[in-house]
Amino acid sequence: MGLIAEDIIQTVIDRCDIVDVIGRYVTLKKYGSNFKALCPFHHEKTPSFVVNPDKQIFHCFGCGVGGNVVGFVMRQERLEFPQAVRLVASQVGIPIPEDQQPSGPSKSVKEEILKANEWALQFFHEKLLTSREAQAKAARDYLKGRGVNLEIVKQFRLGYAPDEWEELIDSLKRKNVSSEVMHQAGLVIAREKSGYYDRFRGRIIFPIFDILGRPVAFGARALPAGKAGLSETEGAKYINSPETPVYTKGRHLFGLHLTKTSAGELDRIVIVEGYMDMIMPFTHGVKNIAASLGTALTVDQIRLIRRYTSNVIMLFDTDTAGQAAIVRSLDGLVDEGMNVKVVTLDANQDPDSFIRKHGVEGFHQRLRQAVSLFDYKLNWLQIQYGVDTIEGKSQICQHMLSTIGRYKDEVIKYELSKQLAKALNLPEAVVLKQAGQVQPKGQVPTVPSGQARGEAVAPVVSPSTKTPAVETLLLTLFLKDPSWVKQAHSFITPEDFSEGLAREIIKTLWQLAQEHQEWSVNDLLWRIDDTAAHNLITGLMNQEEAQIGEAQQVFDDCIKRIHQERLKKQRRQLIHQIEEAEARSDASTVEDLRNKFQELIK
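Quantities reported herein were computed from a predicted structural model and do not represent experimental measurements. (Residues numbered from 1 in each chain as written. Predicted model: local features only at pLDDT ≥ 70, side-chain atom pairs only at ≥ 80, totals over all residues. Heavy atoms only, no water.)

Some details on the overall build of the protein
Test applied: Helix and strand definitions follow DSSP, with helices as H or I runs of at least four residues and strands as E runs of at least two, each counted in order from the N terminus. Each residue is assigned to one of three classes by its accessible area relative to the maximum for its type, calculated with a 1.4 Å probe on protein chains only: buried under 20%, partly exposed between the two thresholds, exposed over 50%. Note on contacts: a residue pair is in contact if any heavy atoms of the two residues lie within 4.5 Å. Per-residue accessibility takes into account occlusion by the displayed protein chains alone, with areas from the Shrake-Rupley method and a 1.4 Å probe.
Secondary structure summary: the protein contains 26 helices and 16 strands in total. In the protein, buried positions account for 46% of the 602 residues. Within the protein, counting contacts between residues at least 6 apart in sequence, those at least 24 apart form 64% of the total. Of the accessible surface of the protein, which amounts to about 30200 Å², a share of 49% is contributed by carbon and sulfur atoms.

Structure representation (structure tokens):
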């Protein structure tokens, strides 16, 4: 998805009525000049969710969440920033052109491919449902034998590709789809001399949808031998679409478009490998599940999951490849701040065969037995290297510490390192020392979402300390009336504010005031890419005027207090410098510093 120009984003935000947009999700009631509702982001009985139509922002005084209309849609729909902007833009009738790279496919090409995929999907689906061919019947019998009923076939829009060379091509031509588009979509393969032939032939089709429910690719399973007297379909058991302008392997999860809501509501998702591994539990009522399409989880897939939940249960096949895929996924999950557990099935079992044998209750029971990431990986490494040799212990320690080092919480690192020492029967001091020497391999720093969009953003700030009351009052004045920012320029600087949220917000306010005669709170929210800052800003903006007091008096008092704090800080610095000069027996410097100190206390 292409970048969106800043002026277009601003136009979308300006043209939107935040009350109208949020009112589609919650029941808003008029409350003075604002609107109130029960917060959609946390459970509450008394409304604390406030929408300010004048400033076009929202804030919940219960959970502290706040932002503008795009921020609300991102959180509510669990969309990335560009997707949320496009959704809001579509609601207010603003077309958004693609910001294309010279070599990138155009929006029209992508739309043509998606349209071709939709026609192909309809073709495959109809063939499975209605064709009287022996192979189509064999495909239906196979799915029925696996426990896939008609409702699931329709829900997942499963299909069948006839064992013909150009039947799909002929069907798409009747829909005015060009051969070039078919080829770009990966639906056909070019012949050596000229022309094309169908890529999928004599196979059961599993459509792959993006998070918005659009068909972006197809997976195809060979028909099993012996069905209706047929031989095994030629070629690999599974084949898939190639990468196309609308499909990149490792960016999608099979079935997530159907299960994203349940994953968010349950705040947990089960990740399996293949199509049937996902479909069978789903058929039995496990609605918070998705498939990785047979690979270790990629960063893109993990970030897609994180929109809906940070709690992941990994459940891959028990074979070597499946377990190795879990291990390869673990570090990436830790990097992205996910909480991970792992389920292990019995030998030669997969989620599909397990649930058909033990039922959904047995499946849930096994999920409840999931072990922590730490315990799973440690056990896996012990099997791989053994703990009976020095070399084995060293290898296990290195691999485990590489994973432990990825955690951002120092307490977690420390406690897991202690657990590792105990498991390997090593002194804690040895493991802790080794932990300081091991760097996580392949770790990619998280990029703030605005930076990922290619924009200059304010640094991400952690609210490490509580903002002093005087700074909060002054910041509230600035937010409610930008004219106070210009007045304050003559008296204070951002460095007069304590480190943390307030200082970074003030820096951005100063910059806005220098660049623009007029600006709004949405301009500020746009420039600061930090959730905590958004929550603080919208919370202060929604304070009642009576809570602040008479503006001029508050402004004068705050400036006076800040000046006093500045003087105290300068005095402390001078005293420290004097003590250092005296320790060096530097009489001339001591005298100069004492004179400066006397000037300050006059």
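On we go from here.
Considering the sheet that holds strand β9 (residues 203-209)
This is how the line gets drawn: Pairing between strands is defined by DSSP: at least two bridges between the two strands are required. To obtain each axis, a line is fitted to C-alpha atoms, and for helices this fit is confined to the stretch in contact; angles are then taken between N-to-C directions over 0 to 180 degrees.
Reading across from one edge, β6-β9-β10-β11 is the order of the four strands in this open sheet, with antiparallel pairing throughout. Both edges of this open sheet fall to β6 (159-161) and β11 (238-240), since each of them pairs with a single strand only. With direction set aside, neighbouring strand axes in the sheet form an average angle of 35 degrees. In this sheet, strand β10 (residues 215-222) lies alongside β9 in antiparallel orientation, the contact comprising seven bridges. Within β10, the residue paired with F206 across the bridge is G219. Along the sheet, helix α11 (residues 275-283) contacts β9, β10 and β11; its crossing angle with β9, the most-contacted strand, is approximately 80 degrees.

Let's talk about the packing of aromatic side chains
We apply this condition: When two rings of Phe, Tyr or Trp (its six-membered ring) have centres within 6.5 Å they constitute a pair, described as stacked for plane angles under 30 degrees, edge-to-face for angles over 60, and tilted for the intermediate range. For a ring to carry a charge above it, either NZ of a lysine or CZ of an arginine must fall within 6 Å of the ring centroid while also lying within 35 degrees of the normal to the ring plane.
Applying the stated criterion across every chain yields a total of 21 aromatic pairs. Both rings, one in F49 and one in F72, keep their centres 6.2 Å apart while their planes meet at 55 degrees; by these two values the pair is tilted. Here F72 lies in helix α3 (residues 69-77) and F49 lies in strand β3 (residues 49-52), a separation of 23 residues in the sequence. Neither residue differs from the other here; F49 and F72 are each classed as buried. Site record: aromatic cluster; members linked through ring pairs are F156, F206, Y238, F254, Y275 and F282. Above the plane of the ring of F41 lies R75, whose end atom (NZ or CZ) is 5.5 Å from the centre. When the ring centre of F282 is taken as reference, the NZ or CZ atom of K287 above it lies at 3.8 Å.

What about the sheet that holds strand β5 (residues 66-67)?
Taken in spatial order, the five strands of this open sheet run β1-β2-β3-β4-β5, and their pairing is antiparallel. Each edge of the open sheet carries a strand with a single partner, namely β1 (29-31) and β5. In the sheet, β3 pairs with strand β4 (residues 57-60) via four bridges, with the strands oriented antiparallel. Bridging from a neighbouring strand, V51 pairs with F58 of β4.

Things to note about helix α4 (residues 81-92)
Quick note on the threshold: In this analysis, the expected span of each helix is defined as 1.5 Å times one less than the number of residues it contains.
With 12 residues, α4 ought to run about 16 Å at 1.5 Å a step, and its terminal C-alpha atoms sit 17 Å apart, in line with that. For α4, the set of buried residues is F81, P82, Q83, A84, V85, R86, V88 and A89. Residues of α4 that are buried in the fold lie against α1 (6-15), α3 and α23 (521-527). Of the residues trailing α4, G93 is marked for its positive phi of about 75 degrees.

A few points about the environment of L79
Among the structural elements, L79 can be located in the loop between α3 and α4. Expressed as a C-alpha distance, the spacing of L79 and I211, which sit 132 residues apart in the sequence, is 9.2 Å.

Quick word on the pairing of β4
Where burial is concerned, the two faces of β4 agree: the one with I57 and H59 and the one with F58 and C60 are both buried. In this antiparallel pair of consecutive strands, β3 and β4, the connection spans four residues, and Q56 shows a positive phi of 60 degrees. Adjacent in sequence and paired antiparallel, β4 and β5 are bridged by five residues, among which G64 carries a positive phi angle near 85 degrees.

Concerning the confidence of the model for the protein
For clarity, the threshold we go by: pLDDT gives the predictor's per-residue confidence on a scale running from 0 to 100.
Per-residue confidence for the protein averages 84 on the pLDDT scale, and 89% of its residues sit at or above 70. Looking at the elements of the protein, mean pLDDT is at its lowest for helix α19 (residues 449-452), recorded as 36, and at its highest for β6, recorded as 98. Within the model, the stretch residues 442-465 combines pLDDT values under 50 with 36 contacts to residues more than four positions away or in other chains.

Structural notes on the pairing of strand β2 (residues 34-37)
Within a regular strand, side chains alternate between the sheet's two faces. Examined bridge by bridge, β1 and β2 share three bridges and lie antiparallel to one another. Across the sheet, the residue bridging to Y31 is N34, located in β2. Pairing geometry for β2 and β3, over three bridges, is antiparallel. Note on β3: the bridge partner recorded for K36 is V50.

Notes on the nonpolar core
We count it as follows: In this description, a nonpolar core means a group of buried Ala, Val, Leu, Ile, Met, Phe, Trp, Tyr and Cys residues linked to one another through side-chain atoms lying within 4.5 Å.
Membership of the largest hydrophobic core comes to 62 residues, with the highest contact counts inside it found for F124, V148, L158, L187, F254, M278 and I279. In terms of residue count, helix α5 (residues 107-130) provides more of this core than any other element does, eight residues in total. Ignoring anything within four residues of it in the chain, the contact list for M278 reads F156, F254, G255, T259, V272, I289, A290 and A291. Counting residues in hydrophobic clusters, the runner-up holds 41 residues, among them L256, A290, V340 and A421.

A word on the packing of helix α15 (residues 373-385) against helix α17 (residues 410-423)
This is how it is decided: Two helices that cross are described as forming a left-handed crossing if the nearer one is turned anticlockwise from the farther one by less than a right angle, and a right-handed crossing if clockwise. For this classification, the nonpolar set comprises Ala, Val, Leu, Ile, Met, Phe, Trp, Tyr, Cys and Pro, the charged set comprises Asp, Glu, Lys and Arg, and every other residue, Gly included, is treated as polar.
Remark: α15 packs on α17, axes separated minimally by 12 Å, with the N-to-C direction vectors making an angle of 35 degrees. The hand of the α15/α17 crossing is right-handed. Between α15 and α17, the residues in contact are F374, L378 and Q382 and L416, Q419, L420 and A423, respectively. Residue composition of the contact of α15 with α17, by class: five nonpolar, two polar and no charged.

Some details on the packing of helix α20 (residues 469-480) against helix α25 (residues 551-583)
In plain terms, the rule: An angle counts as roughly parallel when it lies under 35 degrees, as roughly antiparallel when it exceeds 145, as roughly perpendicular when it falls between 65 and 115, and as oblique in every other case.
Relative to each other, α20 and α25 sit at 135 degrees, their axes nearing to 9 Å. One way to sum up the angle between α20 and α25 is to call them oblique. Viewed along their axes, α20 and α25 form a crossing whose handedness is left-handed. Listed contacts from α25 to V470, L473, L474, L477 and F478 of α20 are A551, V554, F555, C558, I559, R561 and I562. Residues of the contact of α20 with α25, tallied by class, amount to 11 nonpolar, no polar and one charged.

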